[in-house]
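An overview of the molecular structure
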Amino acid sequence: MHAAAAPPLPELDAANRFFWTSGADGVLRILRCADCGHWLHPPAPVCPQCLGEDLRPQAVSGLATIEAVTVNHQAWLPGLPVPYVIAIVALDEQAGLRLTTNIVGPAAASASIGQRVRVAFENREDVWLPVFVPA
C-alpha cells in the first residue's frame, strides 16, 4: 500500500514567500497597495488600480464566502486521499479578492456556494497552506 500522497508545494520566491509562510502565526496576509489601499492576489510588482509600487503584505480577517466549489473524487496522485474539496472563496476585505483553496473538516463535502468560511492553515515543511473551514 502506498503512503498518502500530498500535492506538490508551491515554490517560494521573494514575491510570494510572505503569503505561503504567514500562516505560521495563524494570520492570512495579502499584498496591499500603500498608495490607494487596493488588495491584490496573486502578488504582483505593481498595483493594477493606481500603478503604485509601494506594496506591502497586510493581515486580513480570514473570513470569506464560497463563490465556487467542487468535490473531487479523482485521486490524481497515487495514495491521494479522496474526496477533497476545491473552492474559490471571496475574502471580505474587497470585492473581487479571491483565493483558490481547499475546504477542510468533517463537513467539507457539503460545502456550498454562499457559505461563510474562515481561514485555517495546514503546515507542510516550510509552507503554511491557507485552507478554509465553515465559519
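Residues numbered from 1 in each chain as written. Predicted model: local features only at pLDDT ≥ 70, side-chain atom pairs only at ≥ 80, totals over all residues. Heavy atoms only, no water.

A few words now on the overall build of the protein chain. Secondary structure summary: the protein chain contains one helix and eight strands in total. When the helices and strands of the protein chain are placed in sequence order, the string is α-β-β-β-β-β-β-β-β. The globule rule puts the C-alpha radius of gyration for 135 residues at 14 Å, and the 16 Å found for the protein chain is close to it. When burial is assessed residue by residue, the protein chain has 32% of its 135 residues classed as buried. Restricting the contact set of the protein chain to residue pairs at least 6 apart, pairs at least 24 apart contribute 50%. On the protein chain, roughly 7,700 Å² of surface is accessible, and the fraction owed to carbon and sulfur atoms is 56%. Distance between charge centroids for the protein chain: 6 Å, based on 8 positive and 12 negative side chains. (Helix = DSSP H or I, 4+ residues; strand = E, 2+ residues; numbered from the N terminus. Rg over C-alpha atoms; globule rule 2.2 N^0.38 Å. Buried < 20%, exposed > 50% of the residue type's maximum accessible area, 1.4 Å probe, protein only. Contact = heavy atoms within 4.5 Å. Areas by Shrake-Rupley, 256 points an atom, 1.4 Å probe, with all protein chains shown as cover. Lys, Arg positive; Asp, Glu negative; His and termini not counted. Charge placed at Lys NZ, Arg CZ, Asp CG, Glu CD.)

Per the UniProt record, "domain: ChsH2 C-terminal OB-fold" (unreviewed entry) is found at residues 58-122. Measuring from the first to the last C-alpha atom of residues 58-122 gives 20 Å, for a span that is 0% helix and 51% strand. (UniProt positions renumbered as here; feature names shortened; annotations may be inferred.)

Here we come to the pairing of strand S6 (residues 98-103). Every second residue of S6 is oriented toward a common face, the buried set being Leu99, Thr101 and Ile103 and the non-buried set Arg98, Thr100 and Asn102. Here six bridges tie strand S5 (residues 84-91) to S6, and the two strands are oriented antiparallel to one another. Within the sheet, the bridge partner assigned to valine 89 lies in S6 and is leucine 99. (Pairing = 2+ DSSP bridges.)

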